[in-house]
Amino acid sequence: DPSLAPAGWHTLVIAFQYAPYALRAGWDTAQGEALADRALAALEPTLPGLTARVRDRRVLTPADLEARYGLPEGDFNHGAMMLDQAFFQRPALGLSDYRMPVAGLWLCGPGAHPGGGHLGAPGFAAAQTALGS
């Protein structure tokens, strides 16, 4: 995509699914840059020369993701996918059938079962429920 990188260059996104949200000192620019350095170092054995080829980077910490995009604790699934947030308990007991307490409002994003990363499954399930299928 030439709007993201000049001709002959590429864009790489490294997403740490489980970067810690709560750090003793909190997230700041230095902490984010250190995490990015560790990510590149971890990829370097598989992609030799990667670090040297990086010309620019943007680092978004879990705190940045929460502040900019409203993702609780920087979690793309809008809540940890733990046992207390699974199946009939996602997003909470009594709200797992995609119906919200407001008539005609349906929950269909990653905060609904089965969570994010399932190719639109929460939206499909919410639509099926709304249509009575």
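Look a little higher up for the structure.
Treat the numbers as computed from the prediction; the structure is a model and nothing was measured.

Notes on a nonpolar patch on the surface
There is a patch of nonpolar side chains on the surface, built from Leu12, Ile14 and Phe16 and spanning about 270 Å² of accessible area. Tracing the sequence through the fold places Leu12 in the segment before α1 (29-43).

Here's the deal with α1
The first and last C-alpha atoms of α1 sit 21 Å apart over 15 residues, in line with the 21 Å expected at 1.5 Å per residue. Buried within α1 we find Gly32, Leu35, Ala36, Ala39 and Leu40. Along α1, the residues classed as buried sweep out an arc of 135 degrees about the axis, all on the same side. Opposite the packed face of α1, turned more than 90 degrees from it, sit the exposed residues Ala30, Arg38 and Ala42. Where α1 is buried, its residues contact α2 (50-53).

Description of the pattern of salt bridges
When the charged atoms of two side chains lie near each other, side chains of opposite charge can form a pair. In total, this model carries 4 salt bridges according to the counting rule given. Across the pair Glu33 and Arg57 runs a salt bridge, and its minimum N-O distance is 2.5 Å. Taken together, the positions of Glu33 in helix α1 and Arg57 in the loop between α2 and α3 (62-69) put the pair 24 residues apart, joining distant regions of the chain. Its relative accessible area of 29% is what places Glu33 among the partly exposed residues. Residue Arg57 is classed as partly exposed on the basis of its relative accessible area of 28%.

What counts as what
Residues numbered from 1 in each chain as written. Predicted model: local features only at pLDDT ≥ 70, side-chain atom pairs only at ≥ 80, totals over all residues. Heavy atoms only, no water. Patch = residues over 30% accessible without salt bridge, like charges linked within 9 Å, V, L, I, M, F, W, Y side chains within 5 Å. Areas by Shrake-Rupley, 256 points an atom, 1.4 Å probe, with all protein chains shown as cover. Salt bridge = Lys/Arg side-chain N within 4 Å of Asp/Glu carboxyl O. Helix = DSSP H or I, 4+ residues; strand = E, 2+ residues; numbered from the N terminus. Expected span 1.5 Å × (residues − 1). Buried < 20%, exposed > 50% of the residue type's maximum accessible area, 1.4 Å probe, protein only. Arc of directions from axis to C-beta. Contact = heavy atoms within 4.5 Å.

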